[in-house]
Amino acid sequence: MFTSTERIKPDAQSIALYLENLLSNKYQIPTFQRNVVWEKENVKKLWDSIYKFYPLGSILIWKTNTKLESHREIGGLKFADNFHSNEYQYILDGQQRTTSLLTSIHGGNIANNENFNPTLYIDLTIELTDATDDISYAKRFLFWDEIDDRDGQLKANTGRKKRYQDKLIVRVIDIIKDYGKIENNIYVSVNGEYDHPYMQQLRRIREVFANYKISFIELRGIEVAEVCQIFERINQAGKPLDIFDIVVAKTFRSENKTNNISGFYLRELFDKFKKTISSSQYASIDNWTLLQMLAVVVKLQFPNAGIQNITDKYLNELKTEHIEAVWPDFKIAVAKTFKFFDNCLHIKGPKLIPYRYLYLTITAYFYRNDNPDYDFLNKYFWYYSFHNDDLLTNTTHLWEHIDFVNQQKSKITYLFNQFKIDKNRIRKSFYSSRGRLSRAILSLYANHEPQDWAKPHNYVLSNVYYLFTDKPNLHHIFPVNFIKQSGIANQIESDSLMNIAYLTQITNLEISDKNPLDYLKKYDEPSLETVLRSHLIPTIILEWSRADALPENALSIFIEERVNLLLEALRLKLEGIEFNVFDMGNRTDNISS
């Protein structure tokens, strides 16, 4: 066990020692680190900060016995392949600074700019004017393309090329490795004047390399979940370290044709799988959820594999050989899960799935299941999506659900308990992108394949529809501004999902804030009643439009009618299950069937 001071420990090293340790494989950069964006100006500013002894921010190092797949080269500089150690030291935050420092001193090449030489030079004739000098660094720190005059063809570089030939512009690495020679050259150039500004500049640079320390924060004896949390809190770019990244690096296996060992790269498997379902909006599912789905299947297939849950702690235990064993059937199960949502339930996008754990439970059901019962799955989905109690919110629920669906898969007798729903919760529901009931109601609307009011033969919801909007294009049947002006309802009724319908953007704009009596007249053709029913909209609103009169409490009546339509739709979907409706807004109302 490590003490609290040993678990998270600050440290510091000189630039030269840090890079020397990096080149000798003391540190590794995991492959999940984001790509470096190498820019000349940023590298110069980095060195200007060092030159002025400004702090750069700490490099985050994770010390662990866990082997992750690491980059085999940085900036074109090669590192040892298949490196093994009792303790690995991974650079979790600081790759950008590390790459800039390494290539500045040791050279290399820059991705997408292979002809550029990143080796850094310093012009010793450029003085620092004062403490707030924020300009001279661009002339002080140079790259070869700013020095080379191409045999006099590039006039702008003539002066620098001359100073380079006079040994007044020197490579940074030469100051580190051969300071005595550089000092002697300058001493001769200034006629032995020890305190000459050029000599002072050289000594200042030597002082930087001798005394400037790069700060480190070392993490040791810390589990992956906590490492991810620490990384997210201190990472300068704001990018969280995902457990998926850790698992990708940990399960990576290089191909070895000599020993007939195939390569394994989980990120590539996920990406290829998503391409096979690219026509579906479910291809946008996040890797973390997909990884949890994978963990569930591994747990089912290998009960002793150590995957006791889907938390980061256990996701970190996923093994390459177990993933390989389940992967073919796992892909089939996931594809069937998404097709069930998409084609059977007509829910065209992942933003409407009431519980994210439904991905996991239904994938578990489809895994190695040659004879799925879609009637059971439909009941299962709607029962738990709408049940008055939240019955799928934690991992205890999750495993209970997986046991339940696997009972049916194994043809063991299963039983849905009484279904309970509060009518008042439906009545007072409102749109929430994260709300379980909100998503359930919108899923039910989508399930009935609502048709466009303006073009009845067109379905409102499609894959294309979801490509153009982050959330469903929801329309107030009784527009908000109309309600405010007419005073026919309160704010709760106005915002209720019972006053919401899916419409295309064009139809929505056409309706705008109009009185429903007026805009419905425009669409009142023989097919409109069928269209309204596809939205679970009570046709009483059409009767009002034809009579050109709204009751004083029109929206209240409308909402009550729509609640009843929704409940009737649910009752049909849950046929054979005891159905208990109660109303906390009306304590005398309690209906069972």
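Residues numbered from 1 in each chain as written. Predicted model: local features only at pLDDT ≥ 70, side-chain atom pairs only at ≥ 80, totals over all residues. Heavy atoms only, no water.

Side note on the overall build of the protein
In plain terms, the rule: Each helix corresponds to a stretch of at least 4 residues labelled H or I by DSSP, and each strand to a stretch of at least 2 residues labelled E; elements are numbered beginning at the N terminus. Three labels apply to residues, based on accessible area from a 1.4 Å probe with only protein chains included: buried if under 20% of the type maximum, exposed if over 50%, partly exposed otherwise in between. We call two residues in contact whenever any of their non-hydrogen atoms come within 4.5 Å of each other. The Shrake-Rupley method, run with a 1.4 Å probe, gives the accessible areas here. Residue values count only the displayed protein chains as cover. Asp and Glu are treated as the negative residues and Lys and Arg as the positive ones, with His and the ends of the chain left uncounted. To locate a charge, take NZ of a lysine, CZ of an arginine, CG of an aspartate or CD of a glutamate.
Per the secondary structure count, the protein includes 28 helices and 14 strands. Looking at the protein as a whole, 51% of its 593 residues qualify as buried. Intrachain contacts of the protein at a sequence separation of at least 6 include 72% that bridge at least 24 residues. Per element, the accessible surface of the protein, about 28,500 Å² overall, is 48% carbon and sulfur. Taking the average place of the 72 positive charges on the side chains of the protein and the average place of its 74 negative ones, the gap between the two points comes to 3 Å.

Thoughts on the packing of helix H3 (residues 40-51) against helix H9 (residues 197-211)
Applied cut-off: To obtain each axis, a line is fitted to C-alpha atoms, and for helices this fit is confined to the stretch in contact; angles are then taken between N-to-C directions over 0 to 180 degrees. Should an angle fall under 35 degrees it is taken as roughly parallel, and over 145 as roughly antiparallel, whereas 65 to 115 is taken as roughly perpendicular and any remaining angle as oblique. We call Asp, Glu, Lys and Arg charged. Ala, Val, Leu, Ile, Met, Phe, Trp, Tyr, Cys and Pro are nonpolar, and the rest, Gly among them, are polar.
Interaxial distance between H3 and H9 falls to 10 Å at its minimum, and their mutual angle equals 90°. The orientation of H3 with respect to H9, classified from their angle, is roughly perpendicular. The segment H3 lies against H9, with Trp47, Ile50 and Tyr51 engaging Gln201, Arg204, Ile205, Val208 and Phe209. Among the residues forming the contact of H3 with H9, the class breakdown is six nonpolar, one polar and one charged.

A closer look at the confidence of the model for the protein
Defined as follows: Known as pLDDT, the predictor's confidence for each residue is given on a scale from 0 to 100.
Averaged over all residues, the pLDDT of the protein is 87; the fraction at 70 or higher stands at 90%. Across residues 463-472 the pLDDT falls below 50, and counting only partners more than four positions away or on other chains, this stretch makes 23 contacts in the model.

Some thoughts on the environment of Ile540
Inspection of the secondary structure puts Ile540 in helix H27 (residues 540-547). Between the C-alpha atom of Ile540 and that of Arg562, which follows or precedes it by 22 residues, the distance is 9.9 Å.

What to know about the side chain of Arg436
Put simply, the rule is: Any pair of N or O atoms that falls within 3.5 Å is considered a polar contact. Within protein, one atom must be able to donate a hydrogen and the other to accept it, and sequence-neighbouring residues count only if both atoms are side-chain atoms.
Tracing the backbone shows Arg436 in helix H20 (residues 436-447). Polar contacts involving the side chain of Arg436 include one to the main-chain carbonyl oxygen of His387, which spans 2.8 Å. The contact partners of Arg436, leaving out residues within four places of it in the chain, are Pro354, Tyr355, Tyr384, Ser385, Phe386, His387, Asn388, Asp389, Asp390 and Arg425.

Details of unusual backbone geometry
Here the phi dihedral of Asp151 falls at roughly 55°; this positive angle occurs in a residue that is not glycine. As for its position among the elements, Asp151 is in the loop between strand E7 (141-143) and helix H6 (158-165). Although it is not a glycine, Asp548 sits at a positive phi angle of roughly 55°. Mapped onto the elements, Asp548 comes out in the loop between H27 and helix H28 (554-573).

A word on the sheet that holds strand E5 (residues 88-93)
Cut-off, in case you're wondering: For two strands to count as paired, DSSP must find a minimum of two bridges between them.
With mixed pairing, four strands are arranged side by side in an open sheet as E1-E9-E2-E5. Edge positions in the sheet fall to strand E1 (8-14) and E5, since each of these pairs with one other strand and no more. For this sheet the average axis-to-axis angle between neighbouring strands, irrespective of direction, equals 35°. Bridge count for strand E2 (residues 59-64) against strand E9 (residues 213-220) is five bridges, and the pairing is parallel. Residue Lys63 lies in a different strand from E9, and its bridge partner there is Arg220.

Comments concerning helix H8 (residues 179-189)
Note the cut-off: Working note: the arc is built from the helix axis to C-beta atom directions.
Among the residues of H8, those classed as buried are Tyr179, Ile182, Asn185 and Ile186. Mapping the buried residues of H8 onto a view down its axis gives an arc of 130°, with all of them on the same face. Of the exposed residues in H8, the ones pointing more than 90 degrees away from its buried face are Lys181 and Val188. Elements in contact with the buried residues of H8: strand E8 (169-171), helix H7 (172-177) and H9. One or two steps after H8, the chain reaches Asn191, where phi turns positive at roughly 60°.

Description of the pattern of salt bridges
Worth spelling out the cut-off: For this analysis, a salt bridge means a side-chain nitrogen from Lys or Arg found within 4 Å of a carboxyl oxygen belonging to Asp or Glu.
Inspection of the entire model under this criterion finds 28 salt bridges. Here Asp390 and Arg436 are joined by a salt bridge, their closest N and O atoms 2.7 Å apart. Of this pair, Asp390 sits in the loop between helix H17 (374-386) and helix H18 (395-409) while Arg436 sits in helix H20, and the two are 46 residues apart along the sequence. For Asp390, a relative accessible area of 40% translates into the label partly exposed. When salt bridges with common partners are traced through the structure, they connect Lys423, Arg427, Glu560 and Asp583 into a single cluster.

Things to note about the packing of aromatic side chains
In plain terms, the rule: What counts as a ring pair is set by centres within 6.5 Å for rings of Phe, Tyr and Trp (its six-membered ring), and what kind of pair is set by the plane angle: stacked under 30 degrees, edge-to-face over 60, tilted for all other angles. Whether a charge sits over a ring comes down to the Lys NZ or Arg CZ being within 6 Å of the ring centre and within 35 degrees of the ring normal.
In the structure shown here, the tally under the stated rule is 42 aromatic pairs. Ring centres of Phe340 and Tyr374 lie 6.2 Å apart, and the angle between their planes is 40°; on these two criteria the pair is classed as tilted. Placement of the pair is Phe340 in helix H15 (residues 320-344) and Tyr374 in helix H17, with a sequence separation of 34 residues. Judged by its relative accessible area of 1%, Phe340 falls in the buried class. Sitting over the ring of Tyr194, Arg203 keeps its end group 4.2 Å from the ring centre. Sitting above the plane of the Trp399 ring, Lys299 keeps its charged end 4.8 Å from the centroid.

Describing the pairing of strand E6 (residues 120-123)
Because side chains alternate across E6, one face comprises the buried residues Leu120 and Ile122, and the other comprises Tyr121 and Asp123, equally buried. When E6 meets E7, the two strands line up antiparallel, connected through three bridges. By the bridge assignment, Ile122 is partnered in E7 with Phe141. Note: E6 against E8, three bridges, orientation antiparallel. Among the inter-strand pairings, Ile122 is bridged to a residue of E8, identified as Val170.

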